[in-house]
Amino acid sequence: MGAEFASKIFLLYLLIVMCVDGRERARDDSPVEGTHGEHSHAHPSSHMDHMDHSLLVFFTMNDLKVGRTMPVYFPKKDPSKSPSLLSREDADSIPFSYEKLPYLLQLFSFSKGSPQAKAMEDTLKGCEIKPIKGETKFCATSLKSMLGFLQGIFGLESQFKVVSTTYLTKSSILFQNYTILEVPKEVPAPKMVACHTMPYPYAIFYCHSQETENKVFVVSLIGENGDRVEALAVCHLDTSQWSRNHVSFKVLGIEPGSSNVCHFFPEDNLVYVPMPTMPNDVLVNVM
Ligand SMILES: *[C@@H]1O[C@H](CO)[C@@H](O)[C@H](O)[C@H]1NC(C)=O
């Protein structure tokens, strides 16, 4: 039941990314490679032969080797089109609840049935579904509320830092084969919180943290066209509780619990990990 949601929310997220990309491309009128952006792809797992490129983010830890090549999808969004961040005061003055959707559609002047209305509905619904067992989740409507959630997870006294994917080169290619250039660097992550941006008229971060063991890596990738990406990847070591329908199992052709599952993050997603506390003697040595 719960694991099902985890797979749904990630799929929802992927679908949203596709829809947004599709809309952007439609606006730009640029040639469309591939077929994403189609709402009819709501069940990509049942048509794996027509698999959407945006599902090309999954792999296993076995693939984390120098020289390994795999197709990866990295969505690219124009930051100038990103929804703006609200202050906590402004965010708190607007209801954030599915029940208030009709009022919210009026407030933002979106007609019922429009793609924007659908996106708002999906985001509000996704934010209100109960977390799965062992998971803590929160939809932050401002940076301050995100900070509050992070302090709740890491503890008020702990320091934490953000890690994310960086595109080192600019190109419009969304998916291609990438080769791992260097030994992936593991980021110590005894705890981690992943925050995904959600489509909404203002910035919403869907943040969640799971108790099961994860590993976080920064992977240096080079694309066939020379594109360079410092890609953030998370590997979930225990997938035994995940739904059989989790899209990653279909993509990788594996069974729940039979293998770890890793995925790359797009550039606008954030992962928070604790800052290692440096023992005093190390500090002394450095000086
Ligand atoms: C990646 O490489 C494989 C093997 O050479 C090829 O079949 C596939 O079409 C390539 N994928 C992309 C997205 O270029």
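By convention here, each chain's residues receive numbers from 1 onward along its written sequence. Since the coordinates come from a predicted model, pLDDT governs what is reported: local features require at least 70, and pairs of side-chain atoms require 80 or more to be given and counted, while whole-chain, interface and lining totals use all residues. Excluded from the side-chain calculations are hydrogens and water; all other atoms, namely the structure's heavy atoms, are used.

Quick look at the state of the cysteines
Applicable threshold: Whenever a pair of cysteine sulfur atoms sits within 2.5 Å, that pair is classed as a disulfide. Numbering of helices and strands runs from the N terminus; a helix is a DSSP stretch of H or I covering at least four residues, while a strand is a stretch of E covering at least two. Only protein chains enter the accessibility calculation, which uses a 1.4 Å probe. A residue is then buried if its area is under 20% of the maximum for its type, exposed if over 50%, and partly exposed in between.
This structure, assessed with the given rule, holds three disulfides. Across the disulfide from Cys235 sits Cys262; the S-S distance is 2.1 Å. Where Cys235 bonds to Cys262 through sulfur, the torsion about that S-S bond is close to 105°, and the disulfide is right-handed. Of the two residues, Cys235 is situated in strand β11 (residues 228-236) and Cys262 in strand β12 (residues 261-264); the sequence distance between them amounts to 27 residues. Accessibility assignment for this pair places Cys235 and Cys262 in one class, buried. Within the protein chain, bonded cysteines paired by disulfides and numbered along the sequence follow the pattern 1-2, 3-4, 5-6.

Considerations on the nonpolar core
So the rule is basically this: Nine residue types can take part in a nonpolar core, namely buried Ala, Val, Leu, Ile, Met, Phe, Trp, Tyr and Cys, and a core is a set of them joined through side-chain atoms within 4.5 Å.
In this structure, Phe59, Leu64, Phe74, Val219, Leu221, Val229 and Phe264 are the most contacted members of the largest nonpolar core, which totals 17 residues. When contributions to this core are tallied by element, the ones reaching two or more residues are β2 (69-73), β6 (175-180), β10 (214-223), β11 and β12. Per element, the largest residue contribution to this core is four residues, and it comes from β11. The next biggest cluster of nonpolar side chains, apart from the first, holds 16 residues, and it includes Leu86, Leu104, Cys127 and Tyr206.

What about the environment of Lys118?
Relative to the assigned elements, Lys118 resides in helix α4 (residues 115-128). For Lys118, a relative accessible area of 43% translates into the label partly exposed. As for Lys118 and Tyr200, which are separated by 82 residues in sequence, their C-alpha atoms are 9.9 Å apart.

In short, geometric facts, not functional conclusions.
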